[in-house]
Amino acid sequence: MDRLANTVRPYAWGSTTALPELLGTAPTGEPQAEMWMGAHPGAPSRIDRGAGPVSLAEVIDAAPETELGADAVRAFGPRLPFLLKLLAAGSPLSLQVHPDLAQAKEGFADEERRGVPLDAGHRNYKDANHKPELIVALTPFDGLCGFRHPEQAADLLAGLGVDDLKPYVDILRASPEEDALREVLTAVLSAEHHAIADTVERAAVAAGRLAAEGGPHADDYAAYAGIAHHYPGDPGVLAAMLLNHVQLQPGEALFLGAGIPHAYLNGLGVELMANSDNVLRCGLTPKHVDVPELLRVVRFEAGDAGVLRPEAVDGEEIYETPIDEFRLSRFALAPGAAPRPLVSRTPQILLCTAGTVRLRDGEAGPGDGAAAGAAAAGAAELTLAPGESAFVRAGEHLTLTGVGTLFRATVVA
């Protein structure tokens, strides 16, 4: 196993305090949005097996079957198929959707054929992979996930008392579900900028007033007023009002499949996703919004957000999703508990989020751990504090001890 040295991404929406509090470091005053753990080329983790730090991506490239195992390579190719993150939102992220695998392959091939540079601001597809993702709350966590039922969205918009929203309300109440959601989202994102910005501003003022007054939708109105504060005049504010507002408690999760519009608003969480950069934005961003392509990818299906809670299996709490590229689970290690064996035919990243967790090579002798240090195949013993993580090669036998919480990211193969 190998301790990971990870990169923190300073995106503008990041919290200035959440990650430092978890890591036990002093805030810098700058946003610290995401800590990446994995082999993504944008910010691969680094490991040291005795010859100095090296990119985990390079280590995997040099010996994929040794690091990932034959099962994972056969299923997903010679690369780590997932990316694990700590995500700390201090303000809303962009409202977005992700393509399915067929759409990603088609879109990537089309932009390659047309010669669109990978770093172009108007490029939609950075790779040929899909990007399903799972977010587990470590603190109370606010987000948007999936479309509300049209009649619920109509009631919310009508309650604002803004005349310019009445046509949208009428469509949501009169048209079939898919047609209603598609027509209103298209109208909002295609509207003339000055006119829609004025409507957004009046809707935001009304939402703030209704939030202060209380009532059945006060939490929702407060969330939308907060979004509008960060993105004044952005049509994505009205698009957001079509979505379910979700407030997760620690340990609860959301799974975001292809075509599901979503945004994270505030809070700290553990995020696990397929190894992709493909994002189509609906708003709440100064970045490129490709409305026709977005509408091709969005699934206009209403329903509840689908909050997930883990299922306990032999002491491991598993977040079940329909995705093979990743599986996320957690261990709550209690005082006095017996050492827990842990082995997998596939690669793993282990992340401590509370307490202290010790990882020991299950095949090492009683006195081997500290002396082994950074051996060629990794350390024989590691102690992880909150925010620290380790890469575990396929087939390694470990035991877990300590008192704390450990998240385990791996694949289904």
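Here the structure is shown first, and the text comes after it.
One structure accompanies this document, and this report is about it. Residue positions are given per chain, counting from 1 as you read along its sequence in written order. Where totals are concerned, whole chains, interfaces and linings use all residues; where local detail is concerned, this predicted model gives features only for residues with pLDDT of at least 70, and gives and counts side-chain atom pairs only at 80 or more. To get the side-chain values, take all heavy atoms of the structure and skip hydrogens and water.

### Structural notes on the packing of aromatic side chains
Any pair of aromatic rings gets described here by the distance separating the centres and the angle formed by the planes. The line we're drawing: Each Phe, Tyr or Trp ring (for Trp, its six-membered ring) is paired with any other whose centre lies within 6.5 Å, and the angle between the two planes then decides the class: stacked below 30 degrees, edge-to-face above 60, tilted in between. Put simply, DSSP H or I for four residues or longer makes a helix, DSSP E for two residues or longer makes a strand, and each gets a number counted from the N terminus. Only protein chains enter the accessibility calculation, which uses a 1.4 Å probe; a residue whose area is less than 20% of its type maximum is buried, one above 50% is exposed, and one in between is partly exposed.
Overall, the coordinates contain three aromatic pairs when judged by the stated rule. Look at F141 and Y264: their rings are 5.5 Å apart centre to centre, the planes differ by 75°, and that puts the pair in the edge-to-face class. Highlighted residues: F141 in strand β9 (residues 141-147) and Y264 in strand β12 (residues 262-274), separated in sequence by 123 residues. Of the two residues, F141 and Y264, both sit in the buried class. When the centroid spacing of 5.5 Å and the interplanar angle of 20° are considered together, the rings of F147 and F300 count as stacked. Highlighted residues: F147 in strand β9 and F300 in the loop between α12 (291-297) and β14 (311-313), separated in sequence by 153 residues.

### What to know about the pairing of strand β15 (residues 316-319)
Selection criterion: DSSP calls a pair of strands paired once it identifies at least 2 bridges connecting them.
Summarising the sheet, β14 and β15 pair through three bridges and their orientation is antiparallel. Among the inter-strand pairings, A312 is bridged to a residue of β15, identified as E317. Following β14, the chain reverses through two residues before pairing antiparallel with β15; D314 in that reversal takes a positive phi of roughly 55°. By the bridge criterion, three bridges tie β15 to strand β16 (residues 327-333) in an arrangement that is antiparallel. When the sheet's bridge partners are listed, Y319 is paired in β16 with L328.

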